Amino acid sequence: MTQSAKNFGDAEWDEARARFLERQSARHLAEDAGARTDDASLISATRKALAGEISPHELLKVRPGAALPFGVAAIARALMAQRSLAFSAVARAASTHVLGPREVGPYLVEFAEEQDAVFLMVSCRSQLAPKLFQGLTETGLFVEIELPDPVDDIVQTGIAKAAPIFEDLLTVLKDPGSSFFLI
Amino acid sequence: MTSVAAFWSEQAHRDFAGIFDGEGDRPRLRELVADALNRGWGGNRDKPFWALAILAGLIGEARARDRRIDELALLSQSSSRLWALLSAWAASNPSTRVKLDEGRIIVTPGEGSASLAVTRSRIEILRKVVEFLLVCDEFKFAQETMSALQALSRLGLSDPAAVAEHGRRFARAAYRYRTDHFLDGHASSAFSLILRFLQSQGDYEMRDDSVVDFWIWEENEKYRTYKASFHALADFVAAMRDVAEARGLAHAVSIDDPGIEARMREIEGESVFTIMDEASLIHDAPAEGERVGEASGPAAALRGSTLKVLSTAELRLLEQLLEIGSFGREHVLASLRLIGFHPVQSGLSNSLRTGRSKLSLDERLTCVEAIPYRQTAARSVELGHRLSEILKMALAQRLPANPSDARVARIREEGVLLLADFRGGARWKTAGAELETWMQIEPALIEAQSQLDVFNRSLARRAATTLDDLDAAFEQDRVRFSGILSERYGAGGQASSRAEIAQGAAPDRKAEESLP
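For the structure given in this document, a descriptive report is provided here. (Residues numbered from 1 in each chain as written. Chains lettered and ligands numbered in written order. Predicted model: local features only at pLDDT ≥ 70, side-chain atom pairs only at ≥ 80, totals over all residues. Heavy atoms only, no water.)

1. Some remarks on the interface of chain A and chain B
Next up, step 1: Contacts between the two partners involve 48 residues from chain A and, on the opposite side, 66 residues from chain B.
Next up, step 2: Together chain A and chain B conceal approximately 5,300 Å² of surface at their shared face, both sides included; 63% is due to carbon and sulfur atoms.
Next up, step 3: Along the contact surface separating chain A from chain B lie five salt bridges.
Next up, step 4: Two residues, Asp235(B) and Arg27(A), come together in a salt bridge whose shortest N-O distance is 2.8 Å. (Contact = heavy atoms within 4.5 Å. Buried area = accessible area lost by both parts, 1.4 Å probe. Salt bridge = Lys/Arg side-chain N within 4 Å of Asp/Glu carboxyl O.)

2. Some points on the packing of aromatic side chains
Next up, step 1: Under the definition given, this model contains 25 aromatic pairs over all chains.
Next up, step 2: Consider the rings of Phe197(B) and Trp217(B), whose centres lie 5.6 Å apart with planes at 65°: the pair is edge-to-face. Here Trp217(B) lies in the loop between α10 (208–216) and α11 (226–250) and Phe197(B) lies in helix α9 (residues 184–200), a separation of 20 residues in the sequence.
Next up, step 3: Pairing Phe341(B) with Phe474(B) gives two aromatic rings, centres 5.7 Å apart and planes at 25°, and the pair type is stacked. Separated by 133 residues along the polypeptide, Phe341(B) in helix α17 (residues 332–354) and Phe474(B) in helix α22 (residues 470–489) bring together distant segments of the chain.
Next up, step 4: Joined through ring pairs, the aromatic side chains of Trp8(B), Phe16(B), Phe20(B), Phe132(B), Tyr177(B) and Phe182(B) make up one cluster.
Next up, step 5: For Arg102(A), the ring lying beneath its charged end belongs to Phe180(A), and the centroid distance is 3.7 Å.
Next up, step 6: Between the NZ or CZ atom of Lys128(B) and the centre of the ring of Phe20(B), over which it lies, the distance is 5.3 Å. (Phe/Tyr/Trp six-rings, centres within 6.5 Å; stacked < 30°, edge-to-face > 60°. Helix = DSSP H or I, 4+ residues; strand = E, 2+ residues; numbered from the N terminus. Lys NZ or Arg CZ within 6 Å of the ring centre and 35° of its normal.)

3. Points about the packing of helix α7 (residues 142–155) of chain B against helix α8 (residues 160–181) of chain B
Residue and element names in this part refer to chain B.
Next up, step 1: Where α7 contacts α8, the two axes come as close as 11 Å, and the packing angle between them is 165°. One finds that α7 runs roughly antiparallel with respect to α8. The crossing of α7 and α8 is left-handed. The segment α7 lies against α8, with Glu144, Thr145, Ala148, Leu149, Ala151, Leu152 and Leu155 engaging Ala162, Val163, His166, Phe170, Ala173 and Arg176.
Next up, step 2: Of the residues that constitute the contact of α7 with α8, the class distribution is nine nonpolar, two polar and two charged. (Axes fitted to C-alpha atoms, helices over the stretch in contact; angles between N-to-C directions. Parallel < 35°, antiparallel > 145°, perpendicular 65-115°, else oblique. Left-handed = near helix turned anticlockwise from the far one by under 90°. Nonpolar A, V, L, I, M, F, W, Y, C, P; charged D, E, K, R; others polar.)

4. Quick notes on the environment of Glu131(B)
All names here are of chain B.
Next up, step 1: Position of Glu131 among the secondary structure elements: in helix α6 (residues 120–139).
Next up, step 2: Along the backbone, Glu131 and Thr145 are 14 residues apart, and their C-alpha atoms lie at a distance of 9.5 Å.
Next up, step 3: A distance of 2.9 Å separates a polar atom in the side chain of Glu131 from a polar atom in the side chain of Lys128. (Polar contact = N/O pair within 3.5 Å; in protein donor to acceptor, adjacent residues only side chain to side chain.)

5. Re the sheet that holds strand β5 (residues 132–136) of chain A
Residue and element names in this part refer to chain A.
Next up, step 1: The four strands lie next to each other as β1-β8-β5-β6, forming an open sheet whose pairing is antiparallel. Of all the strands in the sheet, just β1 (86–88) and β6 (142–146) have a single pairing partner and so form its edges. Sheet twist, expressed as the average angle between the axes of neighbouring strands with direction ignored, equals 15°.
Next up, step 2: Contacts from helix α5 (residues 70–83) reach β1, β5, β6 and β8 (179–182) within the one sheet, and its direction differs from that of β5 by about 160°. (Pairing = 2+ DSSP bridges.)

6. Digging into the sheet that holds strand β2 (residues 104–107) of chain B
All names here are of chain B.
Next up, step 1: Spatially, the three strands line up as an open sheet ordered β1-β2-β3, and their pairing is antiparallel. Of all strands in the sheet, those with a lone pairing partner are β1 (98–101) and β3 (116–118), marking the two edges. Ignoring strand direction, the axes of neighbouring strands in this sheet form an average angle of 30°.
Next up, step 2: Contacting β1, β2 and β3, helix α3 (residues 47–63) runs over the sheet at an angle of about 60° to β3.

7. So, helix α20 (residues 406–421) of chain B
In an α-helix, one turn spans 3.6 residues, which is why side chains three or four residues apart end up on the same side.
Next up, step 1: Taking 1.5 Å per residue, 16 residues should reach 22 Å; α20(B) reaches 23 Å between its end C-alpha atoms and fits that length.
Next up, step 2: Residue Asp405(B) occupies the N-cap position of α20(B), its side-chain oxygen lying 2.7 Å from the main-chain nitrogen of Arg407(B). (Expected span 1.5 Å × (residues − 1).)

Below is the structure:
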């Protein structure tokens, strides 16, 4: 200790200062077991979703009514993509408020907005028919629709305006930044 | 938490706590992850992120052949499961990039590039590092981190430049986080404080008394507990040593320089390094204390085993004696004070905070609860003997029945006798299962025993020279600590101590558990 200090120049002292701060800051971070946060439940749910203990859309429900950090939706999207037959992260033609057709992997997904309902059609193109449609906006708005069996390789379903999911579904479908998943 | 000596923002403390929430008490893993995020590996803060990119690439490589490994396996699988899958894959698919060597997966992403040794404990640390990157700062870096993990998983190790670039991106995210959350100015003043203290002492010599002198130094308003003062000086000495060692390598110095000697030991001790270049030697320098192979440390490894070789009290003492580090093992009186009096100070803080206490304030201030040095010393020596016995039992099962070496034969014989009396709490289905469990704790036993041995030797040296009577030394300190603590926490000092408590000193439940 004494010997080292005697031979230290400015550069050595600067380096020693940096090394000391690293050690102390690591120690303080590791020792403070008491820190808790409003986000604790969100962080904990995220880790559970990543470990497969809860589903990604349960993660999206952790803060009902409150805005979800973009990053949480990104994690949910990655997990949902991993579990789906096919997914599309973003509409290829990113024009707003257009329910245009979207290529989702090998599938083609189309929508038709009628006066009292919105219809969803999935052309399976000889692929395994999906059982579930999921949509997720970048802000974490999530919708899920069970799909019926295909007829002539096309899955078709309609959601009535009176259905509770209707408004959310339209928001998801009209947002070109939404991700679609077929499961 | 607003610590008196804060280094990180409150948000950083919450982010860090978040990744350990619900995982039980894993202090050693917390230390190793905090170390990786603050100090990096081998003196380079970017190395863990470089390692993270390579590990993600390795997962991608293995995933192409083994469908049990998914794209986000680093996050979805337990570390032991992922380690088992990756090492099995590496064993059956050796290549120029990946090979299994002495229980580690050696990954060399490109020709002539540095290598990374992947171990189970490294996977565990890197998993926490990536969790931190995902959740920190309100999930600010989650999207880019997820995309990078997915890209690496698809890429495997086929493009070393891309792997390196992803590593740099992880490191950049960590750098941005640090810029926002590290309280640089505040932290730097902690270093200046210690320098001023040492200057005030007239030399830079560190003695046992330096800790208590620093703790009560009038200018020291940052480190308000004996324990925090102890660790601040320990970190200061370690930082000086880090620099002296690095400088020893950078300039032509005497061969007796401790820096040279340490590096020589490092090179000679690890044969795998000799076949790699200098850069890989730096990459591969294991995090301090990581050699035991368990990210949780020797005490936790022993605590977690189905084989109950030590009592709870013995484990707690072992943890304390490992926690003091090399500084504490060199300054035994300073350590005896820490073990003896920190529980008293912690108890005072907590009882003032909560209003609950087994003893009255006045009784506490007499330090009647302090742990006598003789008691700690005797328990430490006893624990050392106990660990030797346990090691003999572990070894006895692995030594041949009739060894030709007389010393080996004696150890085996003693071990067999000890084993006959030992009831470790576990019941075995087969002799193989029993042997395997003993072998699992063997590295932890060796590590614990060797560190305890250093402490006990220092203790014996100290006791034989200046500490003729441990009881006398303890009584003298009890009066001194009682005076200091009364000044801070007694009737006259309560106002300031309350303010101090409000400012930070986190509750130390473990310290209170040590109280008699």
